[in-house]
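Single-letter residue listing:
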Amino acid sequence: MIIRIMGEGQYRAPDAILEDLNAIDNRIVELVEKGDREGFRNELLRMVSLVRERCEPLDATEITESDLILPPPDLTFEEARGIFRGQGLIED
């Protein structure tokens, strides 16, 4: 699985990470619905950190289609309202 963090690059991810990312994604959807800006920010940073820590960065010269695209860590709460709704980034 290839995951892109917008504005940063791509990572080769083990399939096992998808469950953890989906759990965070679902929490972010709930937090955005509640209007919890601080909770949203913490979970978004957690999501991005998880990919950075558990996945292997791809060389910038390697061009590969991404299976999952995460928003940048500086995503605003207003922008998140358009992304993290319904099932979020990852379908359950």
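Residues numbered from 1 in each chain as written. Predicted model: local features only at pLDDT ≥ 70, side-chain atom pairs only at ≥ 80, totals over all residues. Heavy atoms only, no water.

Further remarks concern helix H1 (residues 17–34). Given a rise of 1.5 Å per residue, 18 residues ought to cover 26 Å, and the 26 Å separating the end C-alpha atoms of H1 matches this to within 8%. Next to the buried residues of H1 lie strand E1 (2–5), helix H2 (37–54), strand E4 (68–70) and helix H3 (77–83). Positive phi shows up at Gly35, right after H1, with a value of about 85°. (Helix = DSSP H or I, 4+ residues; strand = E, 2+ residues; numbered from the N terminus. Expected span 1.5 Å × (residues − 1). Contact = heavy atoms within 4.5 Å.)

Attention shifts here to the side chain of Asp25. With respect to the helices and strands, Asp25 occurs in helix H1. Buried charged residue Asp25 carries no salt bridge. Nearest counter-charge: Arg27, at 10 Å. Once residues lying within four places of it in the same chain are set aside, the contact partners of Asp25 are Met47, Phe84, Gln87, Gly88, Leu89 and Ile90. (Buried < 20%, exposed > 50% of the residue type's maximum accessible area, 1.4 Å probe, protein only. Lys, Arg positive; Asp, Glu negative; His and termini not counted. Salt bridge = Lys/Arg side-chain N within 4 Å of Asp/Glu carboxyl O.)

If you look at the biggest cluster of nonpolar residues, it comprises 24 residues, and the most contacted ones within it are Ile3, Leu21, Ile28, Phe40, Val51 and Phe84. Listing elements by their share of this core, those giving two or more residues are E1, H1, H2, E4 and H3. (Core = buried A, V, L, I, M, F, W, Y, C linked by side-chain atoms within 4.5 Å.)

A few words now on the pairing of strand E2 (residues 9–12). Where E1 and E2 come together, four bridges link them in antiparallel fashion. In the sheet register, Arg4 faces E2, and the bridge partner there is Gln10. If you look at the hairpin formed by E1 and E2, you'll find three residues sitting between the two strands, and Gly7 has a positive phi there, around 80°. As paired strands, E2 and strand E3 (residues 56–57) are joined by two bridges and run antiparallel to one another. Bridged to Arg12 within E3 is Glu56. (Pairing = 2+ DSSP bridges.)

Moving on to the sheet that holds E2. Pairing is mixed in the open sheet, where four strands are placed in the order E3-E2-E1-E4. The outermost strands of the open sheet, each flanked by one partner alone, are E3 and E4. In the sheet, E1 pairs with E4 via three bridges, with the strands oriented parallel. Directly across from Ile3, in E4, lies its bridge partner Leu68. The strands touched by H2 within the sheet are E1, E2, E3 and E4, with E1 carrying the most contacts at an inclination of about 130°. (Axes fitted to C-alpha atoms, helices over the stretch in contact; angles between N-to-C directions.)

For the rest of this paragraph, the subject is the packing of H1 against H2. H2 packs onto H1 with a crossing angle of 165° between their chain directions and a minimal axis gap of 9 Å. Between H1 and H2, the angle falls in the class roughly antiparallel. Judged by the twist between their axes, the crossing of H1 over H2 is left-handed. In contact with Ile17, Asp20, Leu21, Ile24, Asp25, Arg27, Ile28, Leu31 and Val32 of H1, H2 contributes Gly39, Phe40, Glu43, Leu44, Arg46, Met47, Leu50, Val51 and Arg54. Residues belonging to the contact of H1 with H2 are distributed by class as follows: eleven nonpolar, one polar and six charged. (Parallel < 35°, antiparallel > 145°, perpendicular 65-115°, else oblique. Left-handed = near helix turned anticlockwise from the far one by under 90°. Nonpolar A, V, L, I, M, F, W, Y, C, P; charged D, E, K, R; others polar.)

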